[in-house]
Amino acid sequence: MNPVVIDTNCLLQIIARKSPYRPIWDSFLAGRFDLCVSNEILEEYQEILAQQITPTIAENVILLILNQANVRLVDPYFRMGLIVADPDDNKFVDCAFAAGADYLISEDSHFNVLLNTPFPKINLVNLDDFLQSMIIRAQE
């Protein structure tokens, strides 16, 4: 199963029922890929969802994530500090590295530094690219 790390900005987009990216969330719920998260990521998910939607929905989303069989709770041991412009984003990079994730999904330009970082090689994709790769895999 493909391990994936999803940045918070993308999580917000994929959980919306009318979002063009909703098939990503639905695929996660169907067990088509593994979502890799750390405690730091879960805390950010809950904080931002509570701010952007409601605390109740935030709690429900976190519980739903934690109760999925295809969730990998990762404890990153290395803090690489690759994203200098917004150090808070490093939690996603560290999780992707520790999990050996196939993809790190983000729409945040701070992550673009990964495109020119030879090691560790983190496959950064945006929502459109990931959705397209899901469609291609489904057709194979």
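Structure: see above.
### Section: the overall build of the chain
- Counting its regular elements, the chain contains 6 helices and 5 strands.
- When the helices and strands of the chain are read in sequence order from the N terminus, they spell out β-α-α-β-α-α-β-α-β-β-α.
- Its C-alpha atoms give the chain principal-axis dimensions of about 40 × 35 × 25 Å.
- Buried residues in the chain amount to 46% of all 140 residues.
- Counting contacts in the chain only where the partners sit at least 6 residues apart, residues at least 24 apart contribute 64% of the total.
- With an accessible surface of roughly 7,400 Å², the chain has 52% of that area assigned to carbon and sulfur atoms.
- Charged side chains of the chain number 9 positive and 19 negative; the gap between the two group centres comes to 8 Å.

### Quick word on the environment of A99
- For A99, the location among the structural elements is in helix α5 (residues 90-99).
- The buried category is assigned to A99, whose relative accessible area is 17%.
- Setting aside chain neighbours within four positions, we find A99 in contact with P3, C36, R72 and V74.

### Describing the packing of aromatic side chains
- If you walk through the whole model with that rule in mind, you get 6 aromatic pairs.
- Residues F33 and F130 carry aromatic rings whose centres are separated by 5.5 Å and whose planes lie at 90° to one another, so their mutual orientation is edge-to-face. With F33 in the loop between α2 (22-29) and β2 (34-37) and F130 in helix α6 (residues 127-139), this residue pair connects regions lying 97 residues apart in the sequence.
- Here F33 falls in the buried class, since its relative accessible area comes to 1%.
- Taking 5.5 Å as the distance between ring centres and 75° as the angle between the ring planes, the aromatic pair formed by Y103 and F130 counts as edge-to-face. Residue Y103 is found in strand β4 (residues 103-105), and its partner F130 is found in helix α6; the two are separated by 27 residues along the sequence.
- The class of F130 is buried, set by a relative accessible area of 0%.
- Among the aromatic residues, those joined into a cluster by ring pairs are W25, F28, F33, Y103 and F130.

About the criteria used
- Residues numbered from 1 in each chain as written.
- Predicted model: local features only at pLDDT ≥ 70, side-chain atom pairs only at ≥ 80, totals over all residues.
- Heavy atoms only, no water.
- Helix = DSSP H or I, 4+ residues; strand = E, 2+ residues; numbered from the N terminus.
- Buried < 20%, exposed > 50% of the residue type's maximum accessible area, 1.4 Å probe, protein only.
- Contact = heavy atoms within 4.5 Å.
- Areas by Shrake-Rupley, 256 points an atom, 1.4 Å probe, with all protein chains shown as cover.
- Lys, Arg positive; Asp, Glu negative; His and termini not counted.
- Charge placed at Lys NZ, Arg CZ, Asp CG, Glu CD.
- Phe/Tyr/Trp six-rings, centres within 6.5 Å; stacked < 30°, edge-to-face > 60°.

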